[in-house]
Amino acid sequence: MDLIKSMMVAASGLKAQSGRMRVIAENIANADSTARVPGGDPYQRKIVTFEDKLNREIGAHTVTLGRPVRDNAEFGLKYMPGHPGADENGYVKTPNVNGMIEAMDMREAQRSYEANLNLIQASRRMISQTIDILRK
């Protein structure tokens, strides 16, 4: 039944977007972390990847969360001479996390999650209505 397939594909999207939101939350939580030792690197932003996977059981393509990759953008520098992670000039490397970008990514993930949830709900309603018609 195609409605069941659509629900399973949407469920895979829900799971993938949920994982994406977890990674974004991790980025936001570590936005202010710094290195603990002089010259050390701070938290490095993670970027989510998705993979297309053929689900042979249902005969449809689904989405899965791939391994997050590290963002190679430059770290920031902040003058903090008393910090344990400061270099000889008093600068500490700061994470390459931009709060605005993370907020936009989070909103996009939420909207994708909601779209998949709406698809599941619509499919459930159609299945229920079909059953009601067949009972009559």
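Just above, that's the structure.
Scope of this entry: the structure provided in the associated data block. From a predicted model like this one, the values you see are computed outputs, not experimental measurements.

## Points about the pairing of strand 2 (residues 50-55)
Phase 1: Inspection of the sheet shows strand 2 paired to strand 3 (residues 60-65) by 6 bridges, in the antiparallel sense. Of the residues in strand 3, the one forming a bridge with Asn 55 is Ala 60.
Phase 2: Here strand 2 folds back onto strand 3 in antiparallel fashion, the turn holding 4 residues, of which Gly 59 has a positive phi close to 70°.

## Brief notes about the pattern of salt bridges
Phase 1: Here the structure, examined in full by the defined rule, presents 6 salt bridges.
Phase 2: Of the charged contacts, one joins Asp 71 and Arg 45 as a salt bridge, the two residues approaching to 3.1 Å between their closest N and O atoms. One end of the pair, Asp 71, is in the loop between strand 4 (69-70) and strand 5 (76-79); the other, Arg 45, is in the loop between helix 1 (2-29) and strand 1 (46-47), and 26 residues separate them in sequence. Arg 45 matches Asp 71 in its accessibility class, with the two residues each being buried.
Phase 3: In this structure, Arg 45 and Glu 102 form a salt bridge, with 2.4 Å as the shortest nitrogen-oxygen distance. Of the two residues, Arg 45 is situated in the loop between helix 1 and strand 1 and Glu 102 in helix 2 (residues 99-135); the sequence distance between them amounts to 57 residues. The burial state of Arg 45 is the same as that of Glu 102; both residues are buried.
Phase 4: Via salt bridges that share partners, Arg 45, Asp 71, Glu 102 and Asp 105 belong to a single interconnected network.

What counts, and at which threshold
- Residues numbered from 1 in each chain as written.
- Predicted model: local features only at pLDDT ≥ 70, side-chain atom pairs only at ≥ 80, totals over all residues.
- Heavy atoms only, no water.
- Pairing = 2+ DSSP bridges.
- Helix = DSSP H or I, 4+ residues; strand = E, 2+ residues; numbered from the N terminus.
- Salt bridge = Lys/Arg side-chain N within 4 Å of Asp/Glu carboxyl O.
- Buried < 20%, exposed > 50% of the residue type's maximum accessible area, 1.4 Å probe, protein only.

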